[in-house]
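Residue-level listing of the chains:
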Amino acid sequence: MCGIVGYIGERQAQPILLNCLHRLEYRGYDSCGIAVLGGAVEIYKDAVRVKALANTAPSLNGIAGIGHTRWATHGEPSQANAHPHCDCTGKIAVVHNGVINNFQKLRQQLASEGHNFVSETDTEVIPHLIEKYYDGDLAKAVEAALHEVEGSYAIIALVSGESRLVVARKDGPLVIGVGDRENFIASDVPAMLDYTNRVIYLEDDDIGIVSPDNIEVRRHGVEVDRKEHKISWSVEDAQKAGYEHFMLKEIHEQPKVIRDTIAGYVSATEKGADLALLGDVGLEGMLILACGTSYHAALIGKYILEELVRVPVKAELASEFNYYGHTPVRSRAIVITQSGETADVIKTIRRMREAGCWVVAVTNVVGSTASRIADQIIYTRAGPEISVAATKSFIAQLMALYWLALPYSKIDIRKLDNLITGLRQLPGKVQQVLDNESAIAELARQLASCENVFFIGRGINFPVALEGALKLKEVSYIHAEGYAAGELKHGPFALLGSNTPVVAIVAQDNTYEPMLTNIKEVKARRSPVIAVVEEGDEVIGELVDSVITVPKVDAIFSPVVNTVALQLLAYYTAKHRGCPVDFPRNLAKSVTVE
Ligand code: AGP
């Protein structure tokens, strides 16, 4: 949550900072601000989106600066609470992503020493601490200040009189972009893709001193070498490419994402390379942990592994497991995280590794915290996902899980061959769902005026119901609940009626008959039913109000086509309601606080 950026070079900093911030807005968007280092430090900030800030900002002259886009944790979105924050003299400015746990104590102590605070934020203690220790060397003052800080942070600091930026990180993402006589800093790579694809990832406790033609990284006062990496993502990957919203573009990218993700892995029948993760232990007793949409992938992963590998698997919410999960006795765990930065997931990885567990991270972001602290990584190849609502990253996670399970599969070889063929056909099947877009968009009109919607599914499509509901509530603000179809009559039936539609996900597996019964029960309570059904099904259409037809696939792959249909349903419902699809209120793309 929160995005930070920095620039130092030969060009005017202001437009570059604003452009980078605009690209980083998915990390938080309730307020924003910039500080430019000219003769003095000039700050402009407000509780508005980046575009609005750019429209009203005066021209701040300077070739170095920092910027911030905020997702509020301490203090409401307001001009005073927006970053950058300053010391008493106004010479030191800081942007911060993270949470300072001991800020109350530090604030009291600094106030008693005469420091004056103007915001409610935890961040404001940092520039004041830097001021306290500053004697002409910003890097040393930052190091001393951070020594007193407990919590997580990625910060960029500047001071008038020094032509360099000082950056530091601990449990917060931070990347330095390398340019030609100019350098960039950002929370995330997509922010800088307009300017460079050469990056340096900092480690926890690193302090970077960035000037136009030099990047020095120190750790506990000693210079260390941090390698430069080349990023394969292009500028176009992080742009809308003519689509009205990133969410729609990302939904449409899914055939390619499936192709790219599975092409990145070795043969499904070989236990080689990327897939030799589990050694002799295999998948027995595997624990899969994640949050949000990634947790829904974890739940589907449980079904996939239990069905194909025939071993019991547990899927848990990382945020719960960290407090109530038993100390792991299992020797392997899979964590799934698109961003690789979700605080609860990072805590899980650390906790499990401390307990001697081998942790495999499924992540989409090279260089993310998860990728650096896990024992082994499976990268999904979804490309940058900008929309706050996860779509293509989820489908890529499913691909990773299928590909992980297949080599260990205990099913008949002929069936296995069919599944591998089926997996390779998925891009085409997903394209068929996308080709049905206008019919789904039309159906979404019906949902757009509703207050409540239920999603029901069974077996491997129960998590799809959860995901369909999450997507709808997240982008359209309609209250939606995902339920195991058999559970609806154990309480939620009280809410059914003609104003409460039910979206039923019907797969051609052993859940088909009970789903028919559940649909009839719902219809008897006068709820309109939209059914997601496989092509060729002539039974369901007779029972329900509307159908969304998806192509025939093996039932184990049905979550892929069904989810894509529900993503489109959520997108168009939100669009019909005029919601800010890519940036839903109160949310942020990567949740870096617990
Ligand atoms: C879903 O649309 C959300 N953006 C959210 O639930 C997300 O999946 C969750 O925060 C987990 O993120 P991660 O995959 O980056 O760990």
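Refer to the structure above for everything that follows.
Residues numbered from 1 in each chain as written. Predicted model: local features only at pLDDT ≥ 70, side-chain atom pairs only at ≥ 80, totals over all residues. Heavy atoms only, no water.

## Focus: the pairing of strand β18 (residues 332-337)
Among the 6 residues of β18, 6 are classified as buried, and the element is accordingly described as predominantly covered. The alternating pattern of β18 places R332, I334 and I336 and A333, V335 and T337 on opposite faces, both of which are buried. Looking at chain direction, β18 and strand β19 (residues 358-363) are connected through 6 bridges and run parallel. Paired with R332 across the bridge in β19 is W358. As a crossover connection, the stretch from β18 through helix α10 (residues 343-354) into β19 is right-handed. (Buried < 20%, exposed > 50% of the residue type's maximum accessible area, 1.4 Å probe, protein only. Helix = DSSP H or I, 4+ residues; strand = E, 2+ residues; numbered from the N terminus. Pairing = 2+ DSSP bridges. Right-handed = clockwise from strand over helix to strand, strands pointing away.)

## Section: the sheet that holds strand β24 (residues 529-534)
Within a beta sheet, neighbouring strands are joined by backbone hydrogen bonds and run either parallel or antiparallel to one another. A sheet is described by the order of its strands in space; here 5 strands give the open sequence β22-β21-β23-β24-β25, paired in parallel fashion. Each having just a single partner strand, β22 (479-484) and β25 (546-550) make up the two edges of the open sheet. When the angles between neighbouring strand axes are averaged without regard to direction, this sheet yields 20°. Judged from the 6 bridges that link them, strand β21 (residues 452-457) and β22 form a sheet pairing that is parallel. (Axes fitted to C-alpha atoms, helices over the stretch in contact; angles between N-to-C directions.)

## Brief notes about the state of the cysteines
Summed over all chains, the structure comprises 0 disulfides. In this model C2 remains outside any disulfide bridge; the closest cysteine sulfur is found in C32, 11 Å from its own. (Disulfide = S-S within 2.5 Å.)

## Topic: the site of the ligand
By nearness alone, 14 residues border the ligand, and S294, T337, S339, T342 and V388 come closest of all. Between the ligand and Q338, the relevant distance is 2.7 Å, taken from an oxygen atom to a main-chain nitrogen or oxygen of the residue. Contact distances for the ligand include 2.8 Å between an oxygen atom and a side-chain N or O atom of K471. Protein contact buries 90% of the 410 Å² of open area that the ligand shows by itself. Residues that form the shell around the ligand fall into these classes: 5 nonpolar, 7 polar and 2 charged. (Near = heavy atom within 4 Å. Polar contact = N/O pair within 3.5 Å; in protein donor to acceptor, adjacent residues only side chain to side chain. Areas by Shrake-Rupley, 256 points an atom, 1.4 Å probe, with all protein chains shown as cover. Nonpolar A, V, L, I, M, F, W, Y, C, P; charged D, E, K, R; others polar.)

## Let's talk about helix α16 (residues 512-524)
An ideal rise of 1.5 Å per residue puts 18 Å on 13 residues; α16 measures up with 19 Å between its terminal C-alpha atoms. All of the buried residues in α16 are Y512, M515, L516, N518, I519, E521 and V522. In this structure, the buried side of α16 is in contact with β21, β23 (502-505), β24 and α17 (540-543). Positive phi shows up at R526, right after α16, with a value of about 70°. (Expected span 1.5 Å × (residues − 1). Contact = heavy atoms within 4.5 Å.)

## Points about the pairing of strand β13 (residues 214-219)
A regular strand carries its side chains on alternate faces of the sheet. As defined by bridge partners, strand β12 (residues 206-211) adjoins β13 across 6 bridges and the pair is classed as antiparallel. If you follow G208 over to β13, its bridge partner there is V217. Counting the residues in the hairpin turn of β12 and β13 gives 2 residues. Between β13 and strand β14 (residues 222-224), which follow one another and run antiparallel, lie 2 residues, and H220 among them has a positive phi close to 50°.

## Observations concerning the sheet that holds strand β8 (residues 165-170)
Strand order in the open sheet made by the 7 strands is β5-β6-β7-β8-β12-β13-β14, with antiparallel pairing throughout. What marks the edges here is a single partner per strand, and that holds for β5 (85-86) and β14. Sheet topology note: the β8/β12 ladder contains 4 bridges and is antiparallel. Counted as the bridge partner of V167 is G208 from β12. Contacting β5, β6 (92-100) and β7 (151-159), helix α4 (residues 125-133) crosses the sheet at an angle of about 125° to β6. Relative to the sheet, helix α5 (residues 138-147) contacts β7, β8, β12 and β13, its axis offset from that of β7 by approximately 155°.

## Observations concerning the packing of helix α15 (residues 462-476) against helix α18 (residues 558-576)
Close contact between α15 and α18 brings their axes to 9 Å; oriented N to C, the two are set at 20°. Overall, the two elements α15 and α18 adopt an arrangement that is roughly parallel. Between α15 and α18 lies a crossing of right-handed hand. Contacts from V464, E467, G468, K471, L472, V475 and S476 of α15 reach α18 at P559, N562, T563, L566, A570, Y571, T573 and A574. Here the residues of the contact of α15 with α18 are counted per class, giving 8 nonpolar, 5 polar and 2 charged. (Parallel < 35°, antiparallel > 145°, perpendicular 65-115°, else oblique. Left-handed = near helix turned anticlockwise from the far one by under 90°.)

## Here we look at the layout of surface pockets
As a volume, the largest pocket reaches approximately 620 Å³. What lines the largest pocket is a set of 32 residues, among which C291, G292, T293, K589 and V591 lie closest to the centre. Those elements that provide at least two residues to the lining of the largest pocket are α8 (292-308), β18, α10, α12 (392-405) and α15. The greatest single-element share of the lining of the largest pocket, amounting to 5 residues, is contributed by α8. Looking at the lining of the largest pocket residue by residue, the class counts come to 13 nonpolar, 13 polar and 6 charged. (1 Å grid on protein atoms, 1.4 Å probe; cavity = no way out; pocket = protein on both sides within 12 Å on 5 of 7 lines; lining within 4 Å. Points joined across faces, edges and corners; volume = space filled by probe spheres on them.)

## Section: the environment of R351
Note that R351 resides in helix α10. Under the relative-accessibility criterion, R351 is labelled partly exposed at 22%. Along the backbone, R351 and N322 are 29 residues apart, and their C-alpha atoms lie at a distance of 7.7 Å.

## Concerning the packing of α12 against helix α13 (residues 413-435)
One can describe the packing of α12 onto α13 by two numbers: an axis separation of 11 Å at closest approach and a directional angle of 165°. In terms of axis orientation, α12 runs roughly antiparallel to α13. Pair α12 / α13 crosses with left-handed handedness. Along the contact surface, α12 presents M399, Y402 and W403, while α13 presents L423, R424 and L426. For the contact of α12 with α13, a count of residues per class yields 5 nonpolar, no polar and 1 charged.

## With respect to empty space enclosed by the protein
Tallying each qualifying case throughout the model produces 3 cavities of 30 Å³ or more. Lining the largest cavity are 25 residues, and of these R27, S187, D188, S339 and V365 lie nearest its centre. By residue class, the composition of the lining of the largest cavity is 13 nonpolar, 6 polar and 6 charged. If you add up the space inside the second largest cavity, you get close to 110 Å³.

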